[in-house]
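# Structural features, examined
What follows is each chain in one-letter form.
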Amino acid sequence: MRSLAVHLILLATVAHAEPPKRFEAKSVHMGTEWKVVLYAADAKAADEATEAAFKRVAELDAVMSDYNPKSELMKLCAANDADPGRPVVVSDDLLKVLTLARQVSEQTDGAFDSTVGPVVKLWRTARKTKQLPKADELKAARELVGYKMLTLDATGKTATLAKGNMRIDLGGIGKGFAADEAMAVLRSKGIKSALIAASGDITVSNAPPDKEAWVVDIAPLTQGGPRRSLKLVNASVSTSGDLFQHVEIDGVRYSHVLDPKTGVGLTGRRSATVIAPHGWQADALTKGACLLPADKLVKLIDGIDGAAAFVAVKETEDSKEVVRRSKRFEQFEAK
């Protein structure tokens, strides 16, 4: 009888267990607003998990920022300036993200390149002054760009830059990498269903309770253009384009997405969305997706398990929007 009574008590407990509640929090990191949406038993559990996740993002910002001269990344560049070509010991976090960046550079044949920093610096000035970089300065900066000039040693945990004045820019992979790490923290805190959003980068885990998937919108190519929605579970999505980040100089619109091989921002209108299993993948691949020819991009994405891509292009403001999807993209679209 006692066994039966215990069984009945357990059944009653399960029957009256309340489903997880939705909680949301925001915080500014890496120059943009981060949002975490999660489902937890109570506010205390949600606050603890969210605080730990944001703490991890802040830690990684201190490692990867190219705006903060005291970041580990900038200390690496400074050490190289003092003694070019000398291996510099780096942390596990920096070595990991540099290794992942190298992987995407190889996959995209350099369309994504974390060593593009010297060119990025020139274009940051161009956006403020509304003047194109001078030809000689651009030429000098381009000579410092090339992912093969960054050597990584996993055994010795070192990074070596081949030339002085090289600069690494992890802006094209950093938010996605940090989102992955923050999601890992949430999981360690027992959070099974969550969404992390940082500007155009979104990473999700299990679907919300009683839902099939997380439904997220992706930005259109142009203001007022058609919005598209995606269904995601344990995946990441990133969108890059010039809708919000661009500069117009002498009547030409230049995107913030720079071609590492030319050192010039993309012209025309182009928006790329990449879905991938990991945030770092989606974040970095979407930059390459803006630069690669459509056929090459689709072949690349179709060769990555769980990945899909959507690219929209307008050669001029008056031309028709041309769309290209990879094979798996349709399965993620919310009808």
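Higher on the page you've got the structure.
Calculation notes
- Residues numbered from 1 in each chain as written.
- Predicted model: local features only at pLDDT ≥ 70, side-chain atom pairs only at ≥ 80, totals over all residues.
- Heavy atoms only, no water.
- Buried < 20%, exposed > 50% of the residue type's maximum accessible area, 1.4 Å probe, protein only.
- Helix = DSSP H or I, 4+ residues; strand = E, 2+ residues; numbered from the N terminus.
- Arc of directions from axis to C-beta.
- Phe/Tyr/Trp six-rings, centres within 6.5 Å; stacked < 30°, edge-to-face > 60°.
- Axes fitted to C-alpha atoms, helices over the stretch in contact; angles between N-to-C directions.
- Parallel < 35°, antiparallel > 145°, perpendicular 65-115°, else oblique.
- Contact = heavy atoms within 4.5 Å.
- Nonpolar A, V, L, I, M, F, W, Y, C, P; charged D, E, K, R; others polar.
- Pairing = 2+ DSSP bridges.
- Core = buried A, V, L, I, M, F, W, Y, C linked by side-chain atoms within 4.5 Å.

Another point: helix 9 (residues 294-302). Taken together, the buried positions of helix 9 are occupied by Leu297, Val298, Leu300 and Ile301. The arc that holds the buried residues of helix 9, viewed along the axis, is 160°, so those residues lie on one side. Seen from the buried face of helix 9, the exposed residues on the opposite side, beyond 90 degrees, are Asp295 and Lys299.

Here the focus is the packing of aromatic side chains. As enumerated under the stated definition, the model contains two aromatic pairs in all. An angle of 55° between the planes, with centres 6.1 Å apart, marks the rings of tyrosine 39 and tryptophan 214 as tilted. Placement of the pair is tyrosine 39 in strand 2 (residues 32-40) and tryptophan 214 in strand 8 (residues 214-218), with a sequence separation of 175 residues. A relative accessible area of 18% means that tyrosine 39 is categorised as buried. When its relative accessible area of 8% is taken as the criterion, tryptophan 214 is described as buried.

Let us now look at the packing of helix 7 (residues 174-188) against helix 8 (residues 279-291). Axis separation between helix 7 and helix 8 bottoms out at 7 Å; the angle between their running directions is 170°. Considered as vectors, helix 7 and helix 8 are oriented roughly antiparallel to each other. Contact residues: Gly174, Lys175, Gly176, Phe177 and Asp180 in helix 7; Gly279, Trp280 and Asp283 in helix 8. Residue composition of the contact of helix 7 with helix 8, by class: two nonpolar, three polar and three charged.

Looking down a regular strand, the side chains alternate between one sheet face and the other. Neither face of strand 7 (residues 201-204) is open: one carries Asp201 and Thr203, the other Ile202 and Val204, and all of them are buried. Strand direction decides the pairing type here: strand 6 (residues 194-198) and strand 7, joined by four bridges, are antiparallel. Pairing of alanine 197 across the sheet is with isoleucine 202, part of strand 7.

Below, the discussion takes up the nonpolar core. Counting 65 residues, the largest nonpolar core has Leu38, Leu94, Leu170, Ile173 and Leu186 as the members making the most contacts within it. Per element, the largest residue contribution to this core is eight residues, and it comes from helix 2 (residues 43-64). Of all hydrophobic cores here, the second largest spans 19 residues; its members include Leu195, Ile202, Leu230 and Phe329.

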